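Working through the structure, step by step
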Amino acid sequence: MPKPQSLHLDPSIDAANEPITSDKSIGLQVVDNRPSKKLGEVGDPNKGMFDVVLDEDFTAQVREAMKEVLESRGFDVVPEGGATKRSLTVAISDLELSSVKRPLDFETNLKANVFVTADNVDATYDREYFVVTRKTSAAPPREQQSNQLVNDAVSQALSDMASDEDLFEMLLRWVA
């Protein structure tokens, strides 16, 4: 039987592990800019709908995953606002989950948006990474399935960002 779901975000990021620099400092900040902690609802409209929420502070987990990626690429990660001319802000800007009952099944959609701002002295790089996932099933997703959908989507958005060569090219520009 469906019930309210409280999810946990702990993404894994796939990225090139080849160092592209050595000892260039970068400030890293991760923020949760979602307008609501509620991702959506699951259930059967005829039998009851239940909230799906992600209300924990997941920024430390995401920051640690991003730190590992940046360090594998050769950056020295310092806290945001540290003495560095390079900075990267990763904002989880939207997570939405909807499960719609259709005549023979349920269609579950998940949308994840990650907005990134990178600064390097006189240059700024902004980009939003979108991931949309659709699954069909005989019943509404259970908490474990919803959690997997959210983690997969956020992991994919962060992996796309970590593989963005334009982003890293801008971060590597010579700084006086």
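Below you will find a few notes about this structure. (Residues numbered from 1 in each chain as written. Predicted model: local features only at pLDDT ≥ 70, side-chain atom pairs only at ≥ 80, totals over all residues. Heavy atoms only, no water.)

Concerning the nonpolar core
- In terms of nonpolar packing, the biggest core is built from 44 residues, with M66, L88, V90, L158 and L167 touching the most fellow members.
- Sorting elements by how many residues they give to this core places helix α2 (residues 143–162) first, with eight residues.
- Among all residues touching L167, those that are not within four sequence positions of it are L88, V116, A118, Y125, Y129 and M161. (Core = buried A, V, L, I, M, F, W, Y, C linked by side-chain atoms within 4.5 Å. Buried < 20%, exposed > 50% of the residue type's maximum accessible area, 1.4 Å probe, protein only. Helix = DSSP H or I, 4+ residues; strand = E, 2+ residues; numbered from the N terminus. Contact = heavy atoms within 4.5 Å.)

Overview of the side chain of T108
- Note on placement: T108 falls in strand β7 (residues 106–120).
- Here S99 takes part through its side chain, which lies 3.2 Å from a polar atom of the side chain of T108.
- Residue contacts for T108: discarding those within four places in its chain leaves L97, S98, S99, T133, R134, K135, P141 and L149. (Polar contact = N/O pair within 3.5 Å; in protein donor to acceptor, adjacent residues only side chain to side chain.)

What about the pattern of salt bridges?
- Taken as a whole and judged by the stated rule, the model has 11 salt bridges.
- Close ionic contact of K37 with D32 constitutes a salt bridge, the shortest N to O distance being 3.0 Å.
- A salt bridge links K38 to D51; the shortest N-O distance between them is 3.1 Å. With K38 in strand β3 (residues 38–44) and D51 in strand β4 (residues 48–53), the pair connects residues that are 13 residues apart, well separated along the chain.
- In this structure K38 comes out as partly exposed when scored by relative accessible area, which is 35%.
- D51 sits in the partly exposed class, given a relative accessible area of 34%.
- Taken together, the salt bridges that share partners define one network made up of D32, R34 and K37. (Salt bridge = Lys/Arg side-chain N within 4 Å of Asp/Glu carboxyl O.)

Worth remembering: the numbers are spatial, not functional.
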